[in-house]
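Descriptive analysis of the structure
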Amino acid sequence: MDCFYPTSRSVPSLCSSPSSSSRSSSPSSAKTPATERSVIFGDHDLPFFDSLLHDDRYILVLGGLGYIGGHTTVELLKAGYNVIVIDNLSNSYRDVLDRIHLLRDRYYQGKAGAAPALDFYDIDYQDIPTMESIIEKYDRPSTWDSEHGPRRSKITGVIHFAAFKSVEESIANPLRYYSNNVCGMVDLLGLLGDHGIKTFIFSSSATVYGTLANSGKPIREEFCVHKPETFEDEDGVVQTQETGSTGITNPYGRTKWMCEAILSDLAAADPDWTIVALRYFNPVGCDESGILTEEPKGKPSNLMPLVVKTMQGEMEALQVFGANWETKDGTAVRDFIHVSDLARGHITALTSANEGRIHQPFRTFNLGTGCGHSVREVVDAMETASSKKIATRVVGRREGDVGYCVARATRAHEELRWKTEKSLKDCCVDILNCLKLRSH
Ligand code: UD1
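Our subject in this report is the structure included herewith. (Residues numbered from 1 in each chain as written. Predicted model: local features only at pLDDT ≥ 70, side-chain atom pairs only at ≥ 80, totals over all residues. Heavy atoms only, no water.)

1. Let's talk about the side chain of S215
The test is simple: Working definition: helices are DSSP H or I runs of at least four residues, strands are E runs of at least two. Numbering for both runs from the N terminus. Within 3.5 Å is the distance limit for a polar contact, defined as a pair of N or O atoms, with the added protein rule that one can donate a hydrogen and the other accept it, and that residues adjacent in sequence qualify only through two side-chain atoms.
Relative to the elements of secondary structure, S215 occurs in the loop between β7 (199-205) and β8 (229-232). Among the polar contacts listed, one links the side chain of S215 to the backbone nitrogen of K217, at a separation of 3.3 Å.

As structure tokens, then:
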């Protein structure tokens, strides 16, 4: 299936923390074939901790059991990083942790040396006192002296996925979104800064481009900036982009934009930070093992889970939101990226940050394939991969949708040396593999 382009151009606590239920702040960590458990903490349900047997640097992953977070945790472990996962299970399941352990253990089976550690804490990342007690466990004790110099932590980077992401819910309950996504992040940054943890990878979204994405061309990072920027466009014309949000249609999208703006300000005030905002396009697919997949709680609203439901007979027909967009077949076009490619984009960003290859304290990157596929093409790809007919019914456009949203992926290629490896067909095959595994 060809990469699709449109036929024509168309148009200290700054916020209060909620009194969340703080559960166990002891980590749970499973035994791996290559390691022995060691008892470190008290009498909680899973009082075992294998961390001390490893390289003592960690990556802290907030929301590490969700769809993208879970896939990223697996890729981090495969890349040899010890990982601390914080997740309150608000949109994920506890057994995702077991699946991640399984994938890690399989990957390291037969390899020399111990598998990286995976410590898990079932808490809300907004529970700052509990977060602090966890982070303190990873302080380097001998180097901390309140009179002399900054703290040093074994945590060398943070990847932050712990945000709400339903557009519909954000419209109905905006304060919940601003509190968790924005205030939560502000409090977290204060805590990290106090502990000298200043490498931060933020889970952003193409939603920050708002209606600008609809220009009919792959969208470049310079179209949403937090300081005025001058750049040369594809036609060699010098353009200046002013700051500001650009036709964002919902509170969820605004939280992503606000978080980016806050991160940009923080990096400008304190250049010791290295902050990377990764703007995701449309993640689909699942780990090729079939063991990890997308499991949203509640009703799915994204395209691929609904294509799958229709294919499985759980829905009579997939509603196609508009067949009169200015695109090749009239249905909307998106940049569908395999979730494992997306996950690996985080590892590359983190490594680049830690190796000093990100030259600004705050930098944004599109994570997409650079290729567009229409809704119709997604349905066709799944029909071909599954040899099943998927019924569709064209209905009106969904409120707030754009007809076209595709990444210009050049910045990530050039600066991070990252690009996608998997196709839309691979996404469909991996989903089918997972369904097959689960049906046994
Ligand atoms: C949506 C969110 C976006 C979020 C992204 C993350 C909206 C308006 N936007 O983007 O903020 O960052 O998910 O995954 O919800 N479609 C159908 N029928 C369906 C479902 C979707 O035709 O039943 C179409 C949509 O109109 C759209 C395309 O499929 O053109 C992709 O939709 P979706 O998967 O919801 O993603 P986005 O709208 O791109």
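2. Comments concerning the environment of V61
The condition is simple: Every residue pair with non-hydrogen atoms within 4.5 Å of one another is taken to be in contact.
The residue V61 is located in strand β3 (residues 58-62) in this model. When the C-alpha atoms of V61 and F120 are compared, they prove to be 9.6 Å apart, with 59 residues separating the residues in sequence. Leave out the neighbours within four places in its chain, and V61 touches T73, L76, V83, I84, V85, I86, I159 and F161.

3. Digging into the site of the ligand
Keep this limit in mind: A molecule or strand has a residue near it when one of that residue's heavy atoms lies within 4 Å. Amino acids outside the nonpolar list (Ala, Val, Leu, Ile, Met, Phe, Trp, Tyr, Cys, Pro) and the charged list (Asp, Glu, Lys, Arg) are all regarded as polar, and Gly is one of them.
Residues in contact with the ligand amount to 18 residues; listed here are only the nearest, L303, Q319, R334, R398 and D401. Mapped onto the shell around the ligand, the elements with two or more residues apiece are α7 (303-311) and β12 (318-321). No other element matches the four residues that β12 contributes to the shell around the ligand. Here the residues of the shell around the ligand sort into nine nonpolar, six polar and three charged.

4. Describing the side chain of T364
Which entries qualify depends on this criterion: Buried means the residue's accessible area, taken with a 1.4 Å probe over protein chains only, is under 20% of the maximum for its type, while exposed means over 50%, and partly exposed covers the values in between.
Its location among the elements puts T364 in strand β15 (residues 362-367). Judged by relative accessible area, which is 7%, T364 ranks as buried. In this structure, T364 is in contact with E221, E260, A277, R279 and R411, ignoring residues within four places of it in sequence.

5. Focus: unusual backbone geometry
The backbone of L89 shows a phi angle near 60 degrees, a positive value even though the residue is not glycine. Mapped onto the elements, L89 comes out in the loop between β4 (82-86) and α2 (95-108). We classify L89 as buried; its relative accessible area is 15%. A positive phi is found at S387, a non-glycine position, where the angle reads about 55 degrees. For S387, the location among the structural elements is in the loop between α9 (375-386) and β17 (392-395).

6. Some words on α9
Each α-helix turn comprises 3.6 residues. Residues three or four places apart therefore point the same way. Test applied: By this rule, a helix spans an expected 1.5 Å times one less than how many residues it contains.
A rise of 1.5 Å per residue sets the reference length of α9, with its twelve residues, at 16 Å; its end C-alpha atoms lie 17 Å apart and thus fit the reference within 8%. Those residues of α9 that sit buried are V375, E377, V378, V379, A381, M382, E383 and S386. Packing partners of the buried residues in α9 comprise α7, β12, β14 (336-338), β16 (373-374), β17 and α11 (424-439). Phi for S387, located one or two positions after α9, is positive at around 55 degrees.

7. A closer look at the packing of aromatic side chains
Note the following rule: The pairing test for Phe, Tyr and Trp rings, Trp by its six-membered ring, is centres within 6.5 Å, and the orientation test on the planes gives stacked under 30 degrees, edge-to-face over 60, and tilted for anything in between. Both a distance and an angle decide whether a charge sits over a ring: NZ of Lys or CZ of Arg must be within 6 Å of the ring centre and within 35 degrees of the ring normal.
Enumeration according to the criterion identifies five aromatic pairs in this entry. Ring geometry for Y58 versus Y138: centroids 5.0 Å apart, planes at 65 degrees, classification edge-to-face. Linking Y58 in strand β3 with Y138 in the loop between α3 (128-137) and β6 (155-160), this pair joins segments that are 80 residues apart in sequence. Assessed through its relative accessible area of 2%, Y138 is described here as buried. Ring plane angle 55 degrees and centroid distance 5.4 Å describe the contact between F164 and Y177, whose orientation is recorded as tilted. Taken together, the residues span a long stretch of sequence, with F164 in the loop between β6 and α4 (167-172) and Y177 in helix α5 (residues 174-194) at a distance of 13 residues. The class of F164 is buried, set by a relative accessible area of 17%. Taking the ring centre of F164 as reference, the NZ or CZ of R176 above it sits at 3.9 Å. In this arrangement the basic side chain of R397 is found over the ring face of W325, its NZ or CZ atom lying 3.6 Å from the centre.

8. Side note on the sheet that holds strand β18 (residues 404-405)
The condition is simple: For two strands to be treated as a pair, DSSP must find at least two bridges joining them.
A sheet is described by the order of its strands in space; here three strands give the open sequence β16-β13-β18, paired in mixed fashion. The open sheet terminates on both sides in strands that have one partner only, identified here as β16 and β18. When strand β13 (residues 333-334) meets β16, the two strands line up antiparallel, connected through two bridges. Pairing of V333 across the sheet is with S374, part of β16.

By themselves, these figures tell us nothing about what the structure is for.
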